[in-house]
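One letter stands for each residue in the lines below.
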Amino acid sequence: MKEQLKVPTMAEYMAEGKQPEILFWVGSAGSYDDRAKKITKAFVKLLNNANVDFAVLGAEESNTGDVAKRAGNEFLFQMQAMMNIEVLNAYEIKRIVTCDPHSFNCIKNEYPELGGIYDVIHHTQYIKELIDAGRLSVKGDTYKGKRITFHDPCYLGRANNEFDAPRNVLQNTNATLVEMKKHKRTALCCGAGGAQMFKEPEKGDKDVNVLRTEQALETTPDIIATGCPYCNTMMTDGIKAKEKEDSIIVLDVAELIANDQD
Amino acid sequence: MDYLPNIIFAVILIAGVGYFARNIKKLIRNIKLGHDVHTSDNKGQRWKNMARIALGQSKMVVRPVAGFLHIIVYVGFVIINIEVLEIIIDGLFGTHRIGLKVLPESVYGFLIGSFEILAVLVLVAVIVFWLRRNITNIKRFKSLKGWPKNDGNIILYFEVVLMCLFLVMNATDTSFQSMNAGNVVSQYISPLFGDNPDTLHLIERTAWWLHIIGILIFLNYLYFSKHLHILLAFPNTYYGKLTPKGQFNNLEAVTNEVKLMMDPNADPFAAPAEDDNADEPAKFGASDVMDLNRIQLLNAYTCTECGRCTSECPANQTGKKLSPRKIMMDTRDRLAEVGKNIDANNGEFKDDGKQLLGDYITKEELWACTTCNACVEACPVSIDPLSIIMEMRRYLVMEESAAPMELNNMMTNIENNGAPWPYNQQDRLNWVNE
Ligand code: SF4
Ligand code: SF4
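The structure presented is a predicted model; accordingly, all values stated were derived computationally and were not measured.

Chemist: Could you give an account of the overall build of chain A, naming the residues involved and the relevant values?
Modeler: Along chain A, the regular secondary structure elements total 11 helices and 8 strands. The C-alpha radius of gyration computed for chain A amounts to 18 Å, which stays within 12% of the reference 18 Å derived for 262 residues, consistent with globular compactness. Considering only C-alpha atoms, chain A reaches an extent of 50 × 45 × 35 Å along its principal axes. Partitioning the contacts of chain A with sequence separation of at least 6, the portion at a separation of at least 24 is 78%. Carbon and sulfur atoms form 47% of the exposed surface of chain A, whose accessible area is close to 9700 Å². On chain A, the mean spot of the 32 positive side-chain charges and the mean spot of the 39 negative ones are 5 Å from each other.

Chemist: An account of the overall build of chain B is needed here, citing residue identities and associated values.
Modeler: A tally of regular secondary structure across chain B gives 22 helices and 0 strands. Its C-alpha atoms give chain B principal-axis dimensions of about 95 × 50 × 40 Å. Out of the 434 residues belonging to chain B, those deemed buried represent 50%. Within chain B, contacts between residues separated by at least 24 positions form 75% of all contacts whose residues are at least 6 apart in sequence. Accessible area for chain B stands at about 21100 Å²; split by element, carbon and sulfur atoms hold 63% of it. Averaging the locations of the 41 positively and 46 negatively charged side chains of chain B gives two centres separated by 6 Å.

Chemist: Got a sec to walk through the site of ligand 1? Specific residues and values, please.
Modeler: Residues and elements named next belong to chain B. With respect to spatial proximity, 13 residues lie near ligand 1, and among them Cys313, Cys369, Thr370, Cys372 and Cys375 are the closest. Contributions of two or more residues to the shell around ligand 1 are made by helix H20 (374-378) and helix H21 (385-399). When the residues that make up the shell around ligand 1 are grouped by side-chain class, the tally is 10 nonpolar, 3 polar and no charged.

Chemist: Can you lay out the sheet that holds strand S3 (residues 95-98) of chain A for me, pointing to particular residues and giving the numbers?
Modeler: Residue and element names in this part refer to chain A. One open sheet accounts for 4 strands, arranged S2-S1-S3-S4; its pairing is parallel. Across the chains shown, the open sheet's two edge strands, defined by having one partner strand only, are strand S2 (54-55) and strand S4 (119-122). By the bridge criterion, 4 bridges tie S3 to S4 in an arrangement that is parallel. Across the sheet, residue threonine 98 finds its bridge partner in S4, namely histidine 122. Its contacts with the sheet put helix H7 (residues 123-132) on strand S1 (22-25), S3 and S4, and the angle it makes with S4 is roughly 90°.

Chemist: Describe the interface of chain B and chain A, listing the residues and the values that go with them.
Modeler: Counting residues at the interface gives 59 residues for chain B, matched by 75 residues for chain A. Between chain B and chain A, roughly 5800 Å² of surface is buried when both sides are summed, and carbon and sulfur atoms account for 61% of that area. For the chain B face of the interface with chain A, the top three residues by lost area are Asn250, Arg428 and Trp431 of chain B, together amounting to 14%. At the junction of chain B with chain A, the criterion picks out 40 residue pairs in polar contact (both at pLDDT 80 or more). For the side of chain B that touches chain A, the elements supplying multiple residues, two or more each, are helix H13 (252-262), helix H16 (314-317), helix H19 (363-367), H20, H21 and helix H22 (405-417) of chain B. The leading source of residues in the side of chain B that touches chain A is H13 of chain B, at 7 residues.

Chemist: Residues and numbers for a nonpolar patch on the surface, please.
Modeler: Residue and element names in this part refer to chain B. On the surface, a nonpolar cluster with roughly 440 Å² of combined accessible area is contributed by Val102, Leu103, Val107, Phe110 and Leu111. For the nonpolar patch, the element with the highest residue contribution is helix H6 (residues 105-134), accounting for 3 residues. Tracing the backbone through its elements, the reader meets valine 102 in helix H5 (residues 99-102). A residue is classified by how much of its surface remains accessible, and valine 102, at 63% relative accessible area, is exposed.

Chemist: How would you sum up the packing of helix H1 (residues 4-31) of chain B against helix H14 (residues 294-302) of chain B? Please name residues and give values.
Modeler: Residue and element names in this part refer to chain B. Their axes nearest at 9 Å, the elements H1 and H14 cross at an angle of 140°. Of the possible angle classes, the one that applies to H1 and H14 is oblique. On H14, the residues that touch Leu27, Asn30 and Ile31 of H1 are Arg294, Leu297, Leu298 and Tyr301. When the residues that make up the contact of H1 with H14 are grouped by side-chain class, the tally is 5 nonpolar, 1 polar and 1 charged.

Chemist: With reference to specific residues and values, describe the pattern of salt bridges.
Modeler: Within this structure, the stated rule accounts for 39 salt bridges over all chains. Residue glutamate 255 of chain A is joined to arginine 35 of chain A by a salt bridge in which the shortest nitrogen-to-oxygen separation is 2.8 Å. A residue pair is termed long-range when its members are at least 10 positions apart, and glutamate 255 of chain A in helix H11 (residues 253-258) and arginine 35 of chain A in helix H3 (residues 34-49) qualify at 220 residues. The shortest N-O distance in the salt bridge between glutamate 74 of chain A and arginine 394 of chain B comes to 3.2 Å. Of this pair, glutamate 74 of chain A sits in helix H5 (residues 74-90) while arginine 394 of chain B is found in helix H21, placing the two residues in two different chains. For glutamate 74 of chain A, a relative accessible area of 0% gives the class buried.

Chemist: Tell me what's going on with the environment of serine 31 of chain A, and back it up with residues and numbers.
Modeler: In this structure, serine 31 of chain A sits in helix H2 (residues 27-32). Along the backbone, serine 31 of chain A and tyrosine 155 of chain A are 124 residues apart, and their C-alpha atoms lie at a distance of 20 Å. The residues contacting serine 31 of chain A, other than those within four sequence positions of it, are Val26, Lys37 and Glu61 of chain A together with Arg428 and Trp431 of chain B.

Chemist: If you had to explain the sheet that holds strand S6 (residues 176-177) of chain A to someone new, which residues and values would you point to?
Modeler: All names here are of chain A. In space, the 4 strands of this open sheet follow the order S6-S5-S7-S8, with parallel pairing throughout. The open sheet has two edge strands with one neighbour each: S6 and strand S8 (249-252). Bridge count for strand S7 (residues 223-226) against S8 is 4 bridges, and the pairing is parallel. When the sheet's bridge partners are listed, isoleucine 224 is paired in S8 with valine 250. Relative to the sheet, helix H10 (residues 229-241) contacts S7 and S8, its axis offset from that of S8 by approximately 175°.

Chemist: Break down the domain arrangement of chain B for me, citing the residues and quoting the values.
Modeler: Residues and elements named next belong to chain B. Structurally, chain B comprises domain 1 (4-31 + 63-238) and domain 2 (252-263 + 281-417). Placing a centre on the C-alpha atoms of domain 1 and another on those of domain 2 gives a separation of 38 Å. Between domain 1 and domain 2 the total buried area reaches about 2100 Å² when both faces are included, carbon and sulfur atoms providing 51% of it. In terms of surface lost to domain 2, no three residues of domain 1 exceed Ile31, Arg140 and Asn236, which account for 31% of the buried area on that side. Inspection of the region where domain 1 meets domain 2 yields 3 salt bridges. Aspartate 343 is the partner of lysine 26 in a salt bridge, and the nearest nitrogen-oxygen pair spans 3.3 Å. Connecting domain 1 to domain 2 are 14 residue pairs in polar contact (both at pLDDT 80 or more).

Chemist: Describe the site of ligand 2, and please don't skip the residues or the numbers.
Modeler: Around ligand 2 there are 13 residues in total, and Cys303, Cys306, Gly307, Cys309 and Cys379 of chain B lie nearest to it. The class makeup of the residues in the shell around ligand 2 is 8 nonpolar, 2 polar and 3 charged.

Each value, and the rule that gives it
- Residues numbered from 1 in each chain as written.
- Chains lettered and ligands numbered in written order.
- Predicted model: local features only at pLDDT ≥ 70, side-chain atom pairs only at ≥ 80, totals over all residues.
- Heavy atoms only, no water.
- Helix = DSSP H or I, 4+ residues; strand = E, 2+ residues; numbered from the N terminus.
- Rg over C-alpha atoms; globule rule 2.2 N^0.38 Å.
- Contact = heavy atoms within 4.5 Å.
- Areas by Shrake-Rupley, 256 points an atom, 1.4 Å probe, with all protein chains shown as cover.
- Lys, Arg positive; Asp, Glu negative; His and termini not counted.
- Charge placed at Lys NZ, Arg CZ, Asp CG, Glu CD.
- Buried < 20%, exposed > 50% of the residue type's maximum accessible area, 1.4 Å probe, protein only.
- Near = heavy atom within 4 Å.
- Nonpolar A, V, L, I, M, F, W, Y, C, P; charged D, E, K, R; others polar.
- Pairing = 2+ DSSP bridges.
- Axes fitted to C-alpha atoms, helices over the stretch in contact; angles between N-to-C directions.
- Buried area = accessible area lost by both parts, 1.4 Å probe.
- Polar contact = N/O pair within 3.5 Å; in protein donor to acceptor, adjacent residues only side chain to side chain.
- Patch = residues over 30% accessible without salt bridge, like charges linked within 9 Å, V, L, I, M, F, W, Y side chains within 5 Å.
- Salt bridge = Lys/Arg side-chain N within 4 Å of Asp/Glu carboxyl O.
- Parallel < 35°, antiparallel > 145°, perpendicular 65-115°, else oblique.
- Domains from an automatic or database assignment.

Put into structure tokens, the structure is as follows:
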């Protein structure tokens, strides 16, 4: 009974001589990582439900170069950035939404100097926009009364000062939002940033994701909400390390809202 | 020889201020070893940040107890130093309490009275600070050893001595005491010194001289101490980052090369575009302090070694070697070393076979950073340790190809298939039908 998702590409729009309202930047994780693909699909479901005229680049999308930049490879970053900018500019893209705060930060802040100037928003901001505009409705009973704690992604929160949009969106579920001691500006990283996702951690006495998971567990949540595919992986692994996978689930804000639709 | 004290005073004053000026000149020279950065933008916002963060100490009160006490010491210290102005004039011209000649007795009394109260508050705050530093179990202080630990304490002792001298000086000044205005605190210590006018006068003079000499020593101690922040916090917050924390700078030199590479019409044998050797960096990233920019070097001198950054750092909290405070202290230590090298070699830096990377900061520290910006957020004086970490990573990757193996694999994947994993770019949309 899987509903078929409608995911038009920019090339298709172009062939029809049309412009979408917004380009959905899927990102590398969202395209290839099994867990992140579920987030991508949940978000597309919301876009479909809200009748948003959107498109993806598909095979024309390439890695933003963000992770190469944080690893110190400025060359690779700028190569990737300029390739992507060429594609985006050729399609005259104005507005971009993405589920990955790293892509969000990179395209929003680091592409403009290289010639890529777009209005870039994070999917939690876009979901909020759709709800506020009355284009998307949330039932508000799937998670009613559940305890949800939101883990701020560094590159959405501290890096770009967006703390409220994901929380506002979550309020629509009628769940009880509980905050960790370290939240918003002082939130602890999940441990994936700065290219850590792709390497073994340095020697230490604990993994960062385990520490962050412990902080989340202090709030005795039913659900840990995330807004980033990497955070999601890290927190899911943390829950497994703490052997709590039977009682606590880790879900992206988009998934929570998608599960709470008619 | 009535003028002898005035002359001695003038000599001490000139020597103290002169030595301080010399050190400040050195400090500026050292900072200028770094690359120039464009910071003439957004003046309004910059002044506002300085007023809010340095003057208003907005970041200090995030930790309320320490923040409140710090404000007392800061305000107390700045205001009491108005008194120094009077001491200098008195010293140079042989007057006594010149303030009384220009101000009505009530105003003067009010001023000195407030100074005395502040002096007591400062004493209390300093004692609490000392206890926090030495007795309580605060990790960011306990982890300091050697000079940095002593430095923190020395300055506290200094403040105790200066405040006490100020109060003793007032308490033993018979004419000031008999005026009975402004001696709100000193009237209670005054009886301790007996009533022999000669002894009192001697004590008063001694305290007066020690007070001004102490202040001059304090001034000159700053250059060697983490307490430079009381001066440098102002320029440092002014020059602090204004763009979103997540925005890392794009290397201009790289942009030029990449553009050339991507331009199908570019002639690969053409001479590089004009202004090639203008101020292009000799290398990508940083392996030593001269490769950093001036703001980063100013950051290093401004660091108060408070450790707020490190206590928020996810890598440090999980036992990794990385400590953003250490990054800043290492940068300063290396910069001071380079400065001494230049002094010893008639203004030229002589290669000493050392550099910031490797001799001070190890790769292991650099690769542990998650670029989460928690350190930047925590710093009360707008220091950006992350930017130094990034410059050194850039050097490791672009100059030495010394990234950890897994990261090299990840980057090769991006180069070949546009994703950090070995998947085909043509498969980017496969998720739709899975
Ligand atoms: S940015 Fe790096 S150094 Fe700073 S707190 Fe995060 S992990 Fe630590
Ligand atoms: S960088 Fe800032 S937070 Fe870190 S020790 Fe120095 S002054 Fe404190």
